[in-house]
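What follows is the residue order along each chain.
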Amino acid sequence: STPLYSSAASDVYKRQLIEQGADTNAEQNYPIPGYTPLMLAIESDELDLVNRMVSAGGILEKTYLDQNSGKWVTPLQIATEFQAHSVLKEVFGKG
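The notes below deal with the structure included here. (Residues numbered from 1 in each chain as written. Predicted model: local features only at pLDDT ≥ 70, side-chain atom pairs only at ≥ 80, totals over all residues. Heavy atoms only, no water.)

1. Points about unusual backbone geometry
With the exception of glycine, most residues fall at negative phi, and the peptide bonds are largely trans.
Thought 1: The omega angle of the peptide bond from Tyr30 to Pro31 is 5°, so this bond is cis rather than trans.
Thought 2: Within the secondary structure layout, Pro31 lies in the loop between helix H1 (11–19) and helix H2 (37–43).
Thought 3: Phi is positive for Asp45, which is not a glycine, with a value near 55°.
Thought 4: Judged by its relative accessible area of 24%, Asp45 is partly exposed.
Thought 5: Backbone geometry places Gln83, a non-glycine residue, at a positive phi of 50°.
Thought 6: Note on placement: Gln83 falls in the loop between helix H4 (75–81) and helix H5 (85–90). (Helix = DSSP H or I, 4+ residues; strand = E, 2+ residues; numbered from the N terminus. Buried < 20%, exposed > 50% of the residue type's maximum accessible area, 1.4 Å probe, protein only.)

This is how it looks when you write it as structure tokens:
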């Protein structure tokens, strides 16, 4: 797990990491293989952070393989599943 992925990291610290070139698309091995910091920000409905990550090269089309269902999951599906209303509206144009 990277510091950018940690939900315990402060917003200021996350912004600094992004500004210094942290990989917003880095795939994690744990707790969800293939999950990225951008996906976690989407899940948490952190609109400002999502926008910063996308501006820094975060890929909204990146997917991960759900180990339980065997299906590929998109960031839009993550936002929908976690009811990330701000991200759904402002990033994906939904709602």
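Still more to cover.
2. Describing the environment of Leu65
Thought 1: Inspection of the secondary structure assignment puts Leu65 in strand S1 (residues 64–65).
Thought 2: With relative accessibility at 30%, the residue Leu65 sits in the partly exposed group.
Thought 3: On a C-alpha basis, the gap between Leu65 and Leu47 in space is 24 Å, while along the polypeptide they are 18 residues apart.
Thought 4: In this structure, Leu65 is in contact with Pro33, Gly70, Lys71 and Trp72, ignoring residues within four places of it in sequence. (Contact = heavy atoms within 4.5 Å.)

3. Here's the deal with the environment of Leu40
Thought 1: Along the chain, Leu40 falls in helix H2.
Thought 2: Placed 43 residues apart in sequence, Leu40 and Gln83 show a C-alpha to C-alpha distance of 13 Å.

4. Let's talk about the packing of H1 against helix H3 (residues 47–55)
Thought 1: Closest axis-to-axis distance for the H1/H3 pair is 10 Å, and the angle between their directions is 10°. Considering the angle they form, H1 stands roughly parallel to H3. Here Lys14, Arg15, Ile18 and Glu19 of H1 come into contact with H3, specifically with Asp48, Leu49, Arg52 and Met53.
Thought 2: By residue class, the composition of the contact of H1 with H3 is 3 nonpolar, no polar and 5 charged. (Axes fitted to C-alpha atoms, helices over the stretch in contact; angles between N-to-C directions. Parallel < 35°, antiparallel > 145°, perpendicular 65-115°, else oblique. Nonpolar A, V, L, I, M, F, W, Y, C, P; charged D, E, K, R; others polar.)

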